[in-house]
Amino acid sequence: MNNQKIAVLTDSGSDVPEAVKNEFDVKVIPLKILFEDGEYVDKVDITAEEVYERMEKEIPKTSLPDGEMIKGIFDDIKAEGYEKVMVVTISSGLSGTNNMIRVVAEQFEGLDIYVLDTKNIGIGSGFTVVEAAKQVAAGVDWDTLKTNLEISKEKATVFFHVPTLEYLQKGGRIGLVQSVVGSMMNLKPIITCNEEGIYHTVAKVRGKAKSVSKTLQLVEEFASTSTKYNLAIAYGGKTALKEAEAIRLEMQEKLPNFEDFFFDQISPALGVHTGPGLIGIGVQLLD
């Protein structure tokens, strides 16, 4: 029971599974998606599928939640009777969201707010949100919670591959991923976040099938150091769903010691930068 009046807050780019949000009342600050005809709120009034369909004609931009919106969410949390807020965000190396929340939090009175930078993206960040929600529900005290989550975030990762690097380039999120050579030789980079929370390539493989099997191998290697773990698959659009389902079956066979297995579409805002067809495979060590 949450006797300590701690709220857990994240951003929509952390891709926290709906069931977890509902069970633990996780609060979410939505990112925004900007098309020429106006501004859409991530996961609220636009779906990932709609984003992909519209991308054929126009590649939108994404923007941070503004200070007013963040302050409004803190006001609501305070009005609900919470005294502390554990904020868990996507990487500051990929988005200004963490910094924006930090700035608002420093000026906000009446709540003890801790802002954690996961240095991760999507469900890679979402794993730490899930952990935060579970620990708060289990009654872990505030200082221990902060320490635990700083350790926990190091035990989560996500590897993903995209059919094309075009969207990462156009969105300015290419990071340390080399693109030109890859597109010429059908080399598919497998991308993850480095220690600074910036995209980088962990492997380059020729062709899609090899890319998937190499990604699975990386996940297995990461999980092999642990006896308990959570797994996740994030996919980008209907085009990737069938493939994602096949990978799920393979993972359940190869990595049977999972506690939770999250399976979901990535958030529309992340989809803007990766384009349709993304497959992301996440793993979080639990011991």
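Residues numbered from 1 in each chain as written. Predicted model: local features only at pLDDT ≥ 70, side-chain atom pairs only at ≥ 80, totals over all residues. Heavy atoms only, no water.

### A closer look at the sheet that holds strand 4 (residues 38-41)
What counts, and what does not: Strand pairing requires that DSSP identify at least two bridges connecting the strands. Helix numbers and strand numbers start at the N terminus; a helix is a DSSP run of H or I with at least 4 residues, a strand a run of E with at least 2. As a rule, the C-alpha atoms of each element are fitted with a line to give its axis, helices using only the stretch in contact, and angles between N-to-C directions run from 0 to 180 degrees.
With respect to topology, three strands assemble into an open sheet ordered 4-3-5, the strand pairing being antiparallel. Lying at the two open borders of the sheet, with one neighbouring strand each, are strand 4 and strand 5 (61-63). Each strand of the sheet is rotated relative to its neighbour by a mean of 30°, with strand direction disregarded. Two strands pair when backbone bridges link them, and strand 3 (residues 32-35) and strand 5 are joined in this way by three bridges, in the antiparallel orientation. Along strand 5, the bridge assignment pairs Ile33 with Thr62.

### Some words on the packing of aromatic side chains
In plain terms, the rule: Between 30 and 60 degrees the pair is tilted, below 30 it is stacked and above 60 it is edge-to-face, where a pair is any two Phe, Tyr or Trp rings, Trp via its six-membered ring, whose centres lie within 6.5 Å. Three labels apply to residues, based on accessible area from a 1.4 Å probe with only protein chains included: buried if under 20% of the type maximum, exposed if over 50%, partly exposed otherwise in between. Distance and angle both matter: a charge sits over a ring if NZ of Lys or CZ of Arg is within 6 Å of the ring centre and within 35 degrees of the ring normal.
In the structure shown here, the tally under the stated rule is six aromatic pairs. Aromatic side chains Phe127 and Phe262 sit 6.2 Å apart centroid to centroid with 45° between the ring planes, which places their arrangement in the tilted category. Of this pair, Phe127 sits in helix 5 (residues 123-137) while Phe262 sits in strand 12 (residues 258-265), placing them 135 residues apart in sequence. Exposure class is identical for Phe127 and Phe262. Each is buried. Judged by centre distance (5.4 Å) and plane angle (85°), the ring pair of Phe258 and Phe261 falls under edge-to-face. Classification of Phe258 by relative accessible area gives partly exposed; the value is 26%. Judged by its relative accessible area of 16%, Phe261 falls in the buried class. The ring of Phe35 carries the charged tip of Arg54 above its face, separated from the ring centre by 3.9 Å. Stacked on the ring of Phe263, the Lys or Arg Arg248 has its end atom at 3.9 Å from the ring centre.

### Quick word on helix 9 (residues 208-223)
Definition in use: Take the residue count of a helix, subtract one, and multiply by 1.5 Å to get its expected span. This arc is taken over the directions from the axis of the helix to the C-beta atoms. We call two residues in contact when some of their heavy atoms are within 4.5 Å.
Here helix 9 is 16 residues long and its end C-alpha atoms lie 23 Å apart, about the 22 Å a rise of 1.5 Å per residue gives. Three or more residues of helix 9 are buried, namely Ser211, Val212, Thr215, Leu216, Leu218, Val219 and Ala223. The buried residues of helix 9 occupy an angular sector of 160° when the element is viewed end-on, so they sit on one face. In helix 9, the exposed residues that point more than 90 degrees away from the buried face are Ala209 and Lys210. Contact partners of the buried residues in helix 9: strand 8 (156-161), strand 9 (187-193), strand 10 (199-206), strand 11 (229-235), helix 10 (238-254) and strand 13 (279-285).

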